[in-house]
Amino acid sequence: MRAQAGSLSVTQLAALGAVSRHASLTPGELAEHEKVQPPSMTRVIAALEERGLLTRSPHPTDRRQVILNVTEEGERLLKEERRRKEAWLAQRLAELTPEEQEILRQAAPILERLSKV
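Residues numbered from 1 in each chain as written. Predicted model: local features only at pLDDT ≥ 70, side-chain atom pairs only at ≥ 80, totals over all residues. Heavy atoms only, no water.

## Focus: unusual backbone geometry
Peptide bonds are mostly trans, and most non-glycine residues show a negative phi.
1) Next: Residues other than glycine seldom take positive phi values, yet Ala 23 does so here, at roughly 50°.
2) Next: Along the chain, the position of Ala 23 falls in the loop between helix H1 (10-22) and helix H2 (27-34).
3) Next: The partly exposed category is assigned to Ala 23, whose relative accessible area is 44%.
4) Next: Phi is positive for Lys 35, which is not a glycine, with a value near 55°.
5) Next: Looking at where Lys 35 falls in the secondary structure, it is placed in the loop between H2 and helix H3 (38-50). (Helix = DSSP H or I, 4+ residues; strand = E, 2+ residues; numbered from the N terminus. Buried < 20%, exposed > 50% of the residue type's maximum accessible area, 1.4 Å probe, protein only.)

## Side note on a nonpolar patch on the surface
1) Next: A contiguous nonpolar patch, built from Leu 89, Leu 93 and Leu 104 and spanning about 220 Å² of accessible area, is present on the exposed surface.
2) Next: Among the structural elements, Leu 104 can be located in helix H5 (residues 98-115).
3) Next: By relative accessible area, which is 37% here, Leu 104 ends up partly exposed. (Patch = residues over 30% accessible without salt bridge, like charges linked within 9 Å, V, L, I, M, F, W, Y side chains within 5 Å. Areas by Shrake-Rupley, 256 points an atom, 1.4 Å probe, with all protein chains shown as cover. Salt bridge = Lys/Arg side-chain N within 4 Å of Asp/Glu carboxyl O.)

## Notes on the side chain of Thr 26
1) Next: By secondary structure assignment, the location of Thr 26 is in the loop between H1 and H2.
2) Next: The contact partners of Thr 26, leaving out residues within four places of it in the chain, are His 59, Gln 65, Val 66, Ile 67 and Leu 68. (Contact = heavy atoms within 4.5 Å.)

## Re the environment of Pro 58
1) Next: Structurally, Pro 58 is set in strand S1 (residues 54-58).
2) Next: Residue class for Pro 58 comes out exposed when judged on its relative accessible area of 69%.
3) Next: A sequence separation of 10 residues divides Pro 58 from Leu 68, and the C-alpha atoms of the two residues are 9.0 Å apart.

## Overview of the confidence of the model for the chain
1) Next: Averaged over every residue, the pLDDT of the chain is 90; the share at 70 or more is 94%.
2) Next: A low-confidence stretch, residues 1-5 stays under pLDDT 50, and its non-local contacts, those more than four residues away or across chains, total 9 contacts. (pLDDT = per-residue confidence, 0-100.)

## A closer look at the packing of H1 against H3
Each packed pair of helices is defined by two parameters, the angle between the axes and the distance between the axes.
1) Next: One way to put it is that H1 packs onto H3 with a least axis distance of 10 Å and a crossing angle of 80°. One element, H1, and the other, H3, form an angle in the roughly perpendicular class. Where H1 abuts H3, its residues Thr 11, Gln 12, Ala 15 and Leu 16 lie against Met 41, Val 44, Ala 47 and Leu 48.
2) Next: Its residues assigned to classes, the contact of H1 with H3 shows 6 nonpolar, 2 polar and no charged. (Axes fitted to C-alpha atoms, helices over the stretch in contact; angles between N-to-C directions. Parallel < 35°, antiparallel > 145°, perpendicular 65-115°, else oblique. Nonpolar A, V, L, I, M, F, W, Y, C, P; charged D, E, K, R; others polar.)

As structure tokens, then:
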């Protein structure tokens, strides 16, 4: 699926998705959420902002901070990326045998639990 990420890096796409899901994150909160150092996230944010996918607005209570928000274009891009990934996954799942599909169904709760660690 990562090969299908399109024109954004995996890190950029993950950051954009996190801001979309959590709405109104500060750059520090986003860096913490994505488990990267703030200077690295600053570069990611700048690239997303330059492409018109993310905006910064003043923090309502802390003038030293900004709030990040996904633009309409960013939401459109995220929706398209999700559609592409879902189509890719559906195609791969259809190639599995019924037995393999059943094994995946049985493993799904375990994989979900692992993803929340």
